[in-house]
Amino acid sequence: MDSREKALRINRLRDQISVCQRCRLCQTRTNTVPGEGSVDASIMFIGEAPGHNEDLQGKPFVGRAGEVFDQLLQSAGMTRQEIFLCNILKCRPPDNRNPLSDEIRSCVGSLDLQIKLIDPQILAPMGNFAATYIFEKFSLPAQKITAIHGKIFPIHTPWGEKRIVPLFHPAVATYDAGKLPELKRDFQVFQKLKQELVERTKSTKSEVGN
Ligand code: URA
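Note that the structure is predicted; figures quoted are calculated from it, not measured.

**Here we look at the site of the ligand**
Part 1 of the argument: The ligand sits among G47, E48, A49, E54, P60, F61, N87 and H169.
Part 2 of the argument: With respect to the ligand, the backbone of A49 contributes an N or O atom lying 3.0 Å from a nitrogen atom.
Part 3 of the argument: Taking H169, its side chain carries an N or O atom lying 2.7 Å from an oxygen atom of the ligand.
Part 4 of the argument: Across the complex, the protein chains shield 91% of the 240 Å² of accessible surface that the ligand would expose by itself.
Part 5 of the argument: With respect to the pocket detection grid, the ligand is positioned in the largest pocket.
Part 6 of the argument: Split by residue class, the shell around the ligand holds three nonpolar, three polar and two charged.

**Brief notes about the packing of aromatic side chains**
Part 1 of the argument: Scanning all chains against the criterion turns up seven aromatic pairs.
Part 2 of the argument: Taking the centre distance of 6.3 Å and the plane angle of 75° together, the rings of F69 and F187 count as edge-to-face. A residue pair is termed long-range when its members are at least 10 positions apart, and F69 in helix 3 (residues 64-75) and F187 in helix 8 (residues 180-187) qualify at 118 residues. The pair formed by F69 and F187 is uniform in burial state, with each residue classed as buried.

**Observations concerning the packing of helix 1 (residues 3-18) against helix 4 (residues 101-118)**
Part 1 of the argument: In contact at an axis separation of 10 Å, helix 1 and helix 4 are set at 170° when each is read in the N-to-C sense. With respect to their mutual orientation, helix 1 and helix 4 come out roughly antiparallel. The residues of helix 4 that touch helix 1, namely those facing K6, R9, I10, L13 and I17, are S110, L113, Q114, L117 and I118.
Part 2 of the argument: Per-class residue counts for the contact of helix 1 with helix 4 are six nonpolar, two polar and two charged.

**Here's the deal with the nonpolar core**
Part 1 of the argument: Judged by nonpolar contacts, the single largest core of 59 residues is most densely connected at F45, F187 and F190.
Part 2 of the argument: At seven residues, the largest contribution of residues to this core is made by helix 4.
Part 3 of the argument: Not counting the four nearest positions on each side in its chain, F187 is found in contact with F45, F69, L72, L73, S75, A76, M78 and L167.

**Notes on the packing of helix 4 against helix 5 (residues 128-137)**
Part 1 of the argument: Two elements in contact, helix 4 and helix 5, have axes separated by 12 Å at closest approach and are oriented at 70°. With respect to each other, helix 4 and helix 5 are oriented roughly perpendicular. Both helix 4 and helix 5 take part in a crossing whose hand is right-handed. From helix 4, I104, V108, L111, D112 and I115 reach across to helix 5, where they touch F129, Y133, I134 and K137.

**Side note on helix 5**
An α-helix turns once every 3.6 residues. As a result, residues three or four positions apart point the same way.
Part 1 of the argument: Listed as buried for helix 5 are A130, A131, Y133, I134 and F135.
Part 2 of the argument: On its buried face, helix 5 is in contact with strand 2 (43-47), helix 4, strand 4 (122-125), helix 6 (145-148), strand 5 (153-157) and strand 6 (160-164).
Part 3 of the argument: Where helix 5 terminates, the next one or two residues include S139, which has phi positive at roughly 55°.

Parameters at a glance
Residues numbered from 1 in each chain as written. Predicted model: local features only at pLDDT ≥ 70, side-chain atom pairs only at ≥ 80, totals over all residues. Heavy atoms only, no water. Near = heavy atom within 4 Å. Polar contact = N/O pair within 3.5 Å; in protein donor to acceptor, adjacent residues only side chain to side chain. Areas by Shrake-Rupley, 256 points an atom, 1.4 Å probe, with all protein chains shown as cover. 1 Å grid on protein atoms, 1.4 Å probe; cavity = no way out; pocket = protein on both sides within 12 Å on 5 of 7 lines; lining within 4 Å. Sits in = over half its atoms within 2 Å of the grid points. Nonpolar A, V, L, I, M, F, W, Y, C, P; charged D, E, K, R; others polar. Phe/Tyr/Trp six-rings, centres within 6.5 Å; stacked < 30°, edge-to-face > 60°. Helix = DSSP H or I, 4+ residues; strand = E, 2+ residues; numbered from the N terminus. Buried < 20%, exposed > 50% of the residue type's maximum accessible area, 1.4 Å probe, protein only. Axes fitted to C-alpha atoms, helices over the stretch in contact; angles between N-to-C directions. Parallel < 35°, antiparallel > 145°, perpendicular 65-115°, else oblique. Contact = heavy atoms within 4.5 Å. Core = buried A, V, L, I, M, F, W, Y, C linked by side-chain atoms within 4.5 Å. Left-handed = near helix turned anticlockwise from the far one by under 90°.

As far as function goes, none of this settles anything; it's purely spatial.
Spelled out as structure tokens, the structure:
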């Protein structure tokens, strides 16, 4: 699918999300937060759910956790323009409570469609809720984020070989600034993975050229 068609479908999905009433969170939200970024992104970052600022602006990670996220991205030489950033839940849970399992079940159809349309090479779930969902979706055994953060999990899908890189949620560093160096260390894995992607694209191109 070309970029124009992808963008069209992603925008159509965004419009559907904006009127969604599949769970109770539609009654308390100000705005839906569908996610944003490049439809051609090779890396998709997936957080938990919008917070207060995200609910007001309709954009992901624009509060304090977003500031940390931007620092982490920058430390790995990346920008928001080249990635896609979204959440498990597209609406804010009241008082930023944890997502409930029926809310996750009602909402993940949209995330599944985003993954299918954007077709990223790397999925980076941030925090326990996102990592649990992505591990289950791709039939990987459940593990706590403390045991798997920053590691690379290769997966085989009908759309080719992909990687899952679970990460600590950036909000962790808003409670404990001492965690920032560890979060930054985990993000360095993307430098290596991006290089790998460049090599893979080169070798595919030379195979086509031969
Ligand atoms: N935390 C999240 O998980 N997502 C956001 O968009 C903001 C904070």
